[in-house]
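Spelled out from the first residue to the last, the chains are:
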Amino acid sequence: MTHATLPETDSPAPEHHGQAHPIRLYLLCWGLLFVLSAASYAVDYAQLQGPLRWTLILVFMGLKAGLILAVFMHMAWERLALSLAILLPPLAALVFMGIMLVESGHTLQSRVDHFATE
């Protein structure tokens, strides 16, 4: 009994079965990052001062970070569990910092009251 053998040929490269995002998405993201960066510089150029300046700078910074996280780090396409594992700890830290900020006013006032009486 003889078996027919196939001639040995180079096997084709394995196909990549991942997600392929259109280049238009990345170009749009880069453009939006450019616009947000220009808006951030415009805050300095307009010489805004005080809480408005810092609020605008932080908003633009947060928008840029969120865009980078969603598109370039592919978090927009990840499972919910992974997204929550990455996003919840910083959000919890922000909540705790807010609590400490509120509490700091009470602590400062109690120290002022205590040391003012002596």
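Residues numbered from 1 in each chain as written. Predicted model: local features only at pLDDT ≥ 70, side-chain atom pairs only at ≥ 80, totals over all residues. Heavy atoms only, no water.

**Regarding the overall build of the protein**
Working step 1: Within the protein one finds 3 helices and 0 strands.
Working step 2: Each helix (α) and strand (β) of the protein, taken in turn from the N terminus, gives the series α-α-α.
Working step 3: Counting only residues that meet the buried cut, the protein has 13% of its 118 residues in that class.
Working step 4: In the protein, of all internal contacts separated by at least 6 residues, the share reaching a separation of at least 24 is 55%. (Helix = DSSP H or I, 4+ residues; strand = E, 2+ residues; numbered from the N terminus. Buried < 20%, exposed > 50% of the residue type's maximum accessible area, 1.4 Å probe, protein only. Contact = heavy atoms within 4.5 Å.)

**Digging into the packing of helix α1 (residues 23-45) against helix α2 (residues 51-72)**
Working step 1: Packing of α1 against α2 brings their axes to within 10 Å, and their N-to-C directions diverge by 165°. On the basis of their axis angle, the class for α1 and α2 is roughly antiparallel. Seen from above, α1 lies across α2 with left-handed handedness. Residues Leu25, Tyr26, Cys29, Trp30, Leu32, Leu33, Leu36, Ser37, Ala39, Ser40, Val43 and Asp44 of α1 form the contact with α2, whose own contacting residues are Arg53, Leu56, Ile57, Phe60, Leu63, Lys64, Leu67, Ile68, Val71 and Phe72.
Working step 2: Of the residues assigned to the contact of α1 with α2, the class counts are 17 nonpolar, 2 polar and 3 charged. (Axes fitted to C-alpha atoms, helices over the stretch in contact; angles between N-to-C directions. Parallel < 35°, antiparallel > 145°, perpendicular 65-115°, else oblique. Left-handed = near helix turned anticlockwise from the far one by under 90°. Nonpolar A, V, L, I, M, F, W, Y, C, P; charged D, E, K, R; others polar.)

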